[in-house]
Amino acid sequence: DATAAATGNGEAVVHLFQWTWDAVANECTDFLGPRGFGAVKVSPPQEHVVIPYAEGGNHPWWQDYQPVSYRIDNTRRGTAEEFEAMVSTCADSGVKVYVDAVINHMTGDGSGTGSAGTEWAKYDHPDLFGDGGAGYDRADFGPCYEEIADWNDKWEVQNCQLVGLADLDTADPRVRAQIRRYLNDLVDMGVAGFRVDAAKHVPEEHIGAILSDLHEVPVFGGRPEIYQEVIGDQTIPYTAYTPYGDVTAFDYQRDISGRFANGDISGLAHLPDYGGLSDEQATVFIDNHDSQRYHPTLTFKDGDRYYLATAFMLAHPYGTPVVMSSYDFGDNVTEGPPSTGSEPGNPAGWITEDADCSDSEWVCEHRHPAVAGMAAFRNATGDTPVVQRATDGASRLAFDRGDRGFAAFNASGGTWNLTADTALPDGSYENAAGSGTLTVADGRVSARVPANGAVALHVGGTCDDSAECGGGTDPG
Ligand code: LAG
Ligand code: CA
């Protein structure tokens, strides 16, 4: 029921990359819940390696992708108490918490002390839950102990080491049980979903076995949402993983970000099943924390065109959208989040300054005026079909979403003076992808769509309550 969906929270996800648990909780209350975002994806919550960063006190962001144990206390984002408080605070605002679950591997080479104080070596993770009851040793890894060499060999991709990370033997029932315990501990705390990191590097039937007995999610009910990180190719297609949950549509990411970068969007009203992933199976995104560093087709650094692409993603029904929210890493792909991690007593490089959208180091893409109101648009339009209403050259596109919404996208440097038919009921609507009010009269809408901007109107978006619709705060 689209009317109910408009008042509750929907499916749009925001990835608050590297935000502290306290900061995420505040954002759920202040912004994500009231705006109708359905879930927040958070950085890996398990104990991680601590890697000194030679060029300063900022430990690299990627230490989080090297688990030392499955304890969730004392990561750089906070304590276990803060994590649990975040989950319940977000639930109070109708926002689910999705965890980035690192289950393919543990640490890389070397040895050390993890962020919560657990000693580790590459094939020795002696205390997985902080109770001395379970650990991994060499026999829990493998069967391959070398780097993936041939990416056309499915067995190697799934069993050998990704960037030198000790690869867990996920065929082993004991290993599966430890991973499942970790995930179920999180579910019992109220975590409602998982992004499965490096899922392609875990044989698909192993994923199926590990996820088969997950607990019911408190508060929201049902089984956890799953989206598996797979960069599909001829060796391992995306569809190998669809029996076990949703799958990241990197083909969408590359195509849509490339088309918006190039101003070639007029053909996007009807999208293919990217990589064979149906609307129901695809997780979609314009960029993620890896692509924005290593293959930056379109990121916050590109300004308006990037936000336009994000607005489009939220306006189009294909897939489950994940909005990236970043900190500014300049030209340094290793740089960690803003912190004072070098100070005494802060060896894990804790983020000591909470993410704050008035602080220019935290970009807060999700609060941009082109994006902030679009979760409400998505919620109001539900599953209504796309009906193309206008194009103008290669870089302009307008469509209806049934009789629930109308949106126009202008990936060109000049204003688009548009008049189009729409099934949206006559009335006055707030622009959910920018500012101002537009009128629908006699089944027609006239709009001045700004250069590299959008207009998006939806039922329920008449802005009697300004907190519920259009126009975000400029993150600066
Ligand atoms: C992922 N998905 O499949 C994550 O999205 C990606 O961010 C992770 O890589 C990767 N897989 C492992 O979870 C990140 C960094 C890597 C980093 C790795 C482990 O992009 O650069 O590797 O996390 O921390 C680092 C060094 C490597 C080294 C490795 C092991 O950069 O040079 O070989 O650690 O010591
Ligand atoms: Ca593996």
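To be clear, the structure that these remarks concern was listed above.
As the structure is a computational prediction, the values presented were derived from the model and not from experiment.

Caption draft 1: Representation of the nonpolar core. Val40, Ala311, Ala407, Ala454 and Ala456 are the most contacted members of the largest nonpolar core, which totals 127 residues. Of all the elements, helix α9 (residues 304–315) adds the most residues to this core, at nine residues. Taken domain by domain, this core gets at least three of its residues from each of domain 1 (2–248 + 327–362) and domain 2 (386–468). Each residue touching Ala311, except ones within four places of it in the same chain, is listed here: Ala370, Val371, Met374, Ala433, Ala454 and Ala456.

Caption draft 2: Representation of the sheet that holds strand β12 (residues 396–401). Spatial strand order, β11-β12-β13-β18: four strands in an open sheet with antiparallel pairing. Because the sheet does not close on itself, it has two edges, and the strands there are β11 (386–391) and β18 (453–458). Within the sheet, the average angular offset between the axes of one strand and its neighbour, ignoring direction, is 15°. Examined bridge by bridge, β11 and β12 share five bridges and lie antiparallel to one another. Within β12, the position partnered with Ala390 by the bridge is Ala398. Each of β13 (405–410) and β18 touches α9; the most contacted strand, β18, lies at about 25° to it. On top of the sheet, helix α10 (residues 374–381) reaches β12, β13 and β18; it is set at about 45° to β18, its chief contact.

Reading guide: rules and limits
- Residues numbered from 1 in each chain as written.
- Chains lettered and ligands numbered in written order.
- Predicted model: local features only at pLDDT ≥ 70, side-chain atom pairs only at ≥ 80, totals over all residues.
- Core = buried A, V, L, I, M, F, W, Y, C linked by C-beta atoms within 7 Å.
- Buried ≥ 20, exposed ≤ 12 C-beta atoms within 10 Å, placed from the backbone.
- Helix = DSSP H or I, 4+ residues; strand = E, 2+ residues; numbered from the N terminus.
- Domains from an automatic or database assignment.
- Contact = placed C-beta atoms within 7 Å.
- Pairing = 2+ DSSP bridges.
- Axes fitted to C-alpha atoms, helices over the stretch in contact; angles between N-to-C directions.

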